[in-house]
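For reference, the chains in residue letters:
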Amino acid sequence: MLLGTERCKITINLTNGLYVFGNKSATGKTRLYKELVKLKAYGNNVAAYTFNDKLLGHPIEDVLNSGAEVILLDRYDMYSGDGVEIIDQIKDKCVLLIDCKKIPDKLPDFEGCTIKMTRDSIEVS
Amino acid sequence: MLKIQFDDEVDLNTIECDAEKVFDNTKFVEDATVRTLIKSIEQGEYFDDVVFTDRFGHQLYLENLSTGCKAAIGVHLNPDKTIYLVECGLNARDAIINYCNTGSVVIEDNAISIRKLNDENICVELDGYLFTDVNRLNYYINDERPFKPDLERKGIEVITYVTGD
């Protein structure tokens, strides 16, 4: 799946399912979050959520139930366990990406994924 | 000395869990450790107290540092705070343990050894012991804890606190 803008091309080389990023900092996950928020505003069928959204009172359920093809939960360790029932329900209907270093017990089975960032692109595979 | 505790032995309600918030409320003071942390975690360079140069040569505001790097700088610049490193990737955790000589952190005992990033001694306290070597710290965590460590092995000593009258 190809997304993005002229400034930053985004490639999602994954089939529908639940994926957790590798346990490494500074790989580009939060940049991907920001790009997805921007793409959603531009009308793309994607969604992204982070801890500050929770602090602002935005329910994670709204993002998980949005019907988006690609959903990213950034900084999930800070709201670990939220929305797991819905995650289990939707995980085969979209590409659901989670930034999470400590895996919550309740999280459904998932696969690992990697992120590769260049100056003008992000690729998740 | 950097104090380490494990998250299953600490009341997480009493410590700083939001590393981004800690960083945002930290007065930024540049020093060699800050430079090393940015280089190690971001593969970037410190520029000034407002921006850094990322791995692609772009100057970005410090708010664009990764959460792991913000946590590391937060640990270094807030020696009075105990910070939970739950959002830190292994590279950020290892950089903190290798390069931070002050502060207090809580980490997960995930059985993944800490990488030794240079030949310098570390200065880490765990369970009342001072560790000066990463490999000795790994051996204690993975093979000795919770039993008494072998104090004859290099890289560990008992910390003795002297109290005054």
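Residues numbered from 1 in each chain as written. Chains lettered and ligands numbered in written order. Predicted model: local features only at pLDDT ≥ 70, side-chain atom pairs only at ≥ 80, totals over all residues. Heavy atoms only, no water.

> What is the right way to look at the sheet that holds strand β1 (residues 2-6) of chain B in this model?
By definition, the strands of a sheet pair up through backbone hydrogen bonds, in either a parallel or an antiparallel sense. All names here are of chain B. A sheet is described by the order of its strands in space; here six strands give the open sequence β5-β6-β1-β7-β8-β9, paired in mixed fashion. Every interior strand has two partners, whereas the edge strands, β5 (82-84) and β9 (156-158), have only one. Looking at each pair of strands side by side, their axes are set apart by 30 degrees on average, direction ignored. (Pairing = 2+ DSSP bridges. Helix = DSSP H or I, 4+ residues; strand = E, 2+ residues; numbered from the N terminus. Axes fitted to C-alpha atoms, helices over the stretch in contact; angles between N-to-C directions.)

> It is not clear to me how the interface of chain B and chain A should be interpreted in this structure. Could you clarify?
One widely used convention gives an interface's size as the accessible area the parts lose upon coming together. Taken residue by residue, the interface counts 23 residues in chain B and 14 residues in chain A. When residues of chain B are sorted by the area they lose upon contact with chain A, Phe56(B), Val86(B) and Glu87(B) head the list and together hold 33% of the total. Our enumeration of links across chain B and chain A arrives at three salt bridges. Between Lys102(A) and Asp7(B) there is a salt bridge, with the nearest N and O atoms lying 2.6 Å from each other. Where chain B packs against chain A, one counts ten residue pairs in polar contact (both at pLDDT 80 or more). Counting only elements with at least two residues in the side of chain B that touches chain A, the list comes to α2 (32-42), α3 (67-77) and α4 (90-99) of chain B. (Contact = heavy atoms within 4.5 Å. Buried area = accessible area lost by both parts, 1.4 Å probe. Salt bridge = Lys/Arg side-chain N within 4 Å of Asp/Glu carboxyl O. Polar contact = N/O pair within 3.5 Å; in protein donor to acceptor, adjacent residues only side chain to side chain.)

> Is there a simple way to think about unusual backbone geometry in this case?
Negative phi is the rule for most residues except glycine; trans is the rule for most peptide bonds. Residue Pro146(B) is reached from Arg145(B) by a cis peptide bond, and omega for that bond is 10 degrees. In this fold, Pro146(B) is placed in the loop between α5 (134-144) and β9. Even without a glycine there, the phi angle at Arg75(A) is positive, about 55 degrees. Its location among the elements puts Arg75(A) in the loop between β5 (70-73) and α4 (84-90). Since its relative accessible area comes to 5%, Arg75(A) is described here as buried. Here Gln43(B), not a glycine, exhibits a phi torsion of approximately 55 degrees, which is positive. (Buried < 20%, exposed > 50% of the residue type's maximum accessible area, 1.4 Å probe, protein only.)

> Is there a simple way to think about the pairing of β1(B) in this case?
Residue and element names in this part refer to chain B. Only one face of β1 is buried, namely the one carrying Leu2, Ile4 and Phe6, since none of Lys3 and Gln5 on the opposite face is buried. As paired strands, β1 and strand β7 (residues 124-126) are joined by two bridges and run parallel to one another. Of the residues in β7, the one forming a bridge with Lys3 is Glu125. Of the strand pairs in this sheet, β1 and strand β6 (residues 104-107) are connected by four bridges, and their pairing is parallel. The residue of β6 that forms the bridge with Gln5 is Val106.

> Got a minute to help me understand the nonpolar core in this structure?
Soluble globular proteins: nonpolar side chains tend toward being buried together. Ile73(B), Leu85(B), Ile96(B), Phe131(B) and Leu137(B) are the most contacted members of the largest nonpolar core, which totals 44 residues. If one sorts the elements of this core by residue count, α3(B) sits on top with six residues. Residues Val63(A), Ala68(A), Leu73(A) and Ile98(A) belong to the second largest nonpolar core, which totals 28 residues. (Core = buried A, V, L, I, M, F, W, Y, C linked by side-chain atoms within 4.5 Å.)

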